[in-house]
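Take a look at the letters that make up each chain.
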Number of protein chains: 2
Amino acid sequence: MAVAERDGVRTRARILEIAQELFAKRGYAGTSIADIARELGTSKAALYYHFSSKEQILGALITEPLSMYTALAERCQKETVPPEELLGALIDLTTETHAVNALLSNDPSITPTLLGLYDVEGNLQTFIRSLAGPRAGEASRARAWAAFTVAKQATFWAVQAGNGKLSPAARKEFLAAALRCLKP
Amino acid sequence: MAVAERDGVRTRARILEIAQELFAKRGYAGTSIADIARELGTSKAALYYHFSSKEQILGALITEPLSMYTALAERCQKETVPPEELLGALIDLTTETHAVNALLSNDPSITPTLLGLYDVEGNLQTFIRSLAGPRAGEASRARAWAAFTVAKQATFWAVQAGNGKLSPAARKEFLAAALRCLKP
DNA sequence: GTCTATATTGTGATAGAC
DNA sequence: GTCTATCACAATATAGAC
């Protein structure tokens, strides 16, 4: 591999790092190409050599994490996943994908077009259905929501507070709390 | 009250309505003054007669809801609020302030300057401390996080799905689930 | 209170030299 | 791979007429 090519790969990776950080801090619409270039220490034009648009940078960031959620949802549709296993998997996925969740979660300026590709809403419904059962009533669905929320949002906040890490003790408490949510 | 003045008040209120909706849908940075003016059916300049900046519109929207959270946090600092009451109050506050929460919650493009005025982070810590007790260990704090998350985020999503309303049945389930989160 | 017109700055993106 | 220079346009905000 030529030196130039290797440097190109490294630059591309740095751009993604910087974009991740800035999108999370100031939002997608709130971050400009100029901001990223400044942090990178190059010109805007240099950036466009590596990515052909701002949206493509975002796309490269979210593809893998969102696919992981989709894979889990597909498993839930094929087979019955025990709640403890599903909630544990959600906690771990949230921990692993935390950096991208931080820029994704609820940033309304992120184009629905991009998010639509991954059917985030559909996956969510699949998880709720799997936790509550297919013919669940309102109360049972509410409990499933509560459990899902603990696995997803409590974990997210804890990882945020813990500089990207979730302590085993906290993981255990969250899983137990989420399971208690499910019980009538 | 003169007709013009009354109309002015109504126009101001309409601007706030429209801004709330658009900020929630596309984000603060993702919504332009032109977008709001178009929806309002007037020019951009007319809008600037009622508000002197875009940030002032946002400020007018969030002042009251955020002050309500601060008031609750202050009560928690002055006296011991039983968990059931605090969690119930958080569920109700989340329901009441849902419209503003929808545009606020996690939109990173909203200036930290504005949010800093209300010490959102400090209030959050106060709620956790009140739920977990002042000298709580890590496990106990994790359970408090879980309970808070159910009261706040599960309620938020449910209200979102229920077109702005939270059914009494769901409220009961969320409160019970949040309380179960707290128990070791 | 609302308008048209405009100043000014910022934005995503491209051209072409090196 | 990176640069300078530039385009076309959208943004916030203002001036001044009606």
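Quick caveat: nothing in here was measured; it's all calculated off a predicted structure.

Peer 1: Mind showing me how you'd approach the overall build of chain A here?
Peer 2: Along its length, chain A carries 10 helices and zero strands. When the elements of chain A are put in sequence order from the N terminus, they spell out α-α-α-α-α-α-α-α-α-α. The dimensions of chain A, computed from C-alpha atoms along their principal axes, are 60 × 35 × 35 Å. Taken over 184 residues, chain A has a buried fraction of 48%. A separation threshold of at least 6 residues defines the contact pool for chain A, and within that pool the share at least 24 residues apart is 70%. Accessible area for chain A stands at about 9100 Å²; split by element, carbon and sulfur atoms hold 54% of it. Across chain A, 21 positive and 19 negative side-chain charges occur, with their mean positions spaced 3 Å apart.

Peer 1: What exactly am I supposed to notice about the nonpolar core here?
Peer 2: General note: in soluble globular proteins, nonpolar side chains tend to be found buried as a group. Within the largest apolar cluster, 73 residues are counted, with the highest numbers of intra-cluster contacts made by Phe127(A), Val150(A), Phe174(A), Phe127(B), Val150(B) and Phe174(B). Among all residues touching Phe127(B), those that are not within four sequence positions of it are Tyr69(B), Leu72(B), Ala73(B), Cys76(B), Leu86(B), Leu90(B) and Phe148(B).

Peer 1: What am I meant to see in the interface of chain B and chain A here?
Peer 2: With 34 residues of chain B at the interface, the matching set in chain A holds 34 residues. Between chain B and chain A the total buried area reaches about 2700 Å² when both faces are included, carbon and sulfur atoms providing 66% of it. When the buried surface of chain B facing chain A is broken down by residue, Pro108(B), Trp157(B) and Arg180(B) rank first, second and third, together holding 23% of it. Linking chain B with chain A are two salt bridges. The shortest N-O distance in the salt bridge between Arg143(B) and Glu173(A) comes to 3.2 Å. Joining chain B to chain A, the criterion identifies 10 residue pairs in polar contact (both at pLDDT 80 or more). Among the secondary structure elements, those contributing two or more residues to the side of chain B that touches chain A are α1 (3-26), α9 (138-161) and α10 (168-182) of chain B.

Peer 1: What exactly am I supposed to notice about the packing of aromatic side chains here?
Peer 2: One pair of aromatic rings is described through two measures. These are the centre distance and the angle between the planes. Counted according to the given criterion, the structure contains eight aromatic pairs over all chains. When the ring of Phe127(A) is compared with that of Phe148(A), the centres are 6.1 Å apart and the planes differ by 25°; the resulting orientation is stacked. One end of the pair, Phe127(A), is in helix α8 (residues 120-132); the other, Phe148(A), is in helix α9 (residues 138-161), with 21 residues separating them in the sequence. Phe148(A) matches Phe127(A) in its accessibility class, with the two residues each being buried. Relative to Trp157(B), the ring of Phe148(A) lies with its centre 6.0 Å away and its plane at 45°, an arrangement referred to as tilted. Pair noted here: Phe148(A) is in helix α9 and Trp157(B) is in helix α9, and the two residues belong to different chains. Classification of Phe148(A) as buried rests on a relative accessible area of 4%. In this structure an aromatic cluster arises from ring pairing among Phe127(A), Trp145(A), Phe148(A) and Trp157(B). One Lys or Arg, Lys54(A), reaches over the ring of Tyr28(A) and ends 4.5 Å from the middle of that ring.

Peer 1: Any chance you could explain the relation of the copies chain B and chain A here in plain terms?
Peer 2: Between the two copies of the chain lies a rotation about an axis combined with a shift along it. The operation relating chain B to chain A is a screw motion whose rotation component is 180°, with 0.0 Å of axial translation and a residual RMSD of 0.1 Å. Such a combination of turn and shift is consistent with a two-fold rotation axis. With an isologous cut-off of 70% or more, the 100% of interface residues of chain B that recur at the interface of chain A puts this contact in the isologous class.

Peer 1: Before we go on, may I ask you to explain the side chain of Thr31(B) in this structure?
Peer 2: In this structure, Thr31(B) sits in the loop between α1 and α2 (33-40). With residues up to four places along the chain from it excluded, the contact list for Thr31(B) reads Leu22(B), Phe23(B), Arg26(B), Ile36(B) and Lys54(B).

Peer 1: Where do I start with helix α5 (residues 83-96) of chain B in this structure?
Peer 2: Along an α-helix, residues three or four positions apart point the same way, because every turn accommodates 3.6 residues. Residues and elements named next belong to chain B. In a regular helix each residue adds 1.5 Å, so 14 residues correspond to 20 Å; α5 covers 20 Å between its end C-alpha atoms and thus fits that length. Among the residues of α5, Leu 86, Leu 87, Gly 88, Leu 90, Ile 91, Leu 93 and Thr 94 are the ones counted as buried. Contacts made by the buried residues of α5 are with α4 (54-78), α6 (98-104), α8 (120-132), α9 and α10.

Peer 1: I tried to follow the packing of helix α5 (residues 83-96) of chain A against α9(A) on my own but got confused; where do I start?
Peer 2: Helix packing for two helices is described by the angle between their axes and how far apart those axes are. All names here are of chain A. For the pair α5 and α9, the least separation of the axes is 9 Å and the interaxial angle reads 30°. In terms of orientation, α5 and α9 fall into the roughly parallel class. Between α5 and α9 lies a crossing of right-handed hand. On the side of α5, the interface is formed by Leu 87, Leu 90, Ile 91, Thr 94 and Thr 95, while α9 contributes Ala 147, Phe 148, Ala 151, Lys 152, Thr 155, Phe 156 and Val 159. Split by residue class, the contact of α5 with α9 holds eight nonpolar, three polar and one charged.

The rules we used
Residues numbered from 1 in each chain as written. Chains lettered and ligands numbered in written order. Predicted model: local features only at pLDDT ≥ 70, side-chain atom pairs only at ≥ 80, totals over all residues. Heavy atoms only, no water. Helix = DSSP H or I, 4+ residues; strand = E, 2+ residues; numbered from the N terminus. Buried < 20%, exposed > 50% of the residue type's maximum accessible area, 1.4 Å probe, protein only. Contact = heavy atoms within 4.5 Å. Areas by Shrake-Rupley, 256 points an atom, 1.4 Å probe, with all protein chains shown as cover. Lys, Arg positive; Asp, Glu negative; His and termini not counted. Charge placed at Lys NZ, Arg CZ, Asp CG, Glu CD. Core = buried A, V, L, I, M, F, W, Y, C linked by side-chain atoms within 4.5 Å. Buried area = accessible area lost by both parts, 1.4 Å probe. Salt bridge = Lys/Arg side-chain N within 4 Å of Asp/Glu carboxyl O. Polar contact = N/O pair within 3.5 Å; in protein donor to acceptor, adjacent residues only side chain to side chain. Phe/Tyr/Trp six-rings, centres within 6.5 Å; stacked < 30°, edge-to-face > 60°. Lys NZ or Arg CZ within 6 Å of the ring centre and 35° of its normal. Least-squares fit on C-alpha atoms with pLDDT ≥ 70 in both. Expected span 1.5 Å × (residues − 1). Axes fitted to C-alpha atoms, helices over the stretch in contact; angles between N-to-C directions. Parallel < 35°, antiparallel > 145°, perpendicular 65-115°, else oblique. Left-handed = near helix turned anticlockwise from the far one by under 90°. Nonpolar A, V, L, I, M, F, W, Y, C, P; charged D, E, K, R; others polar.

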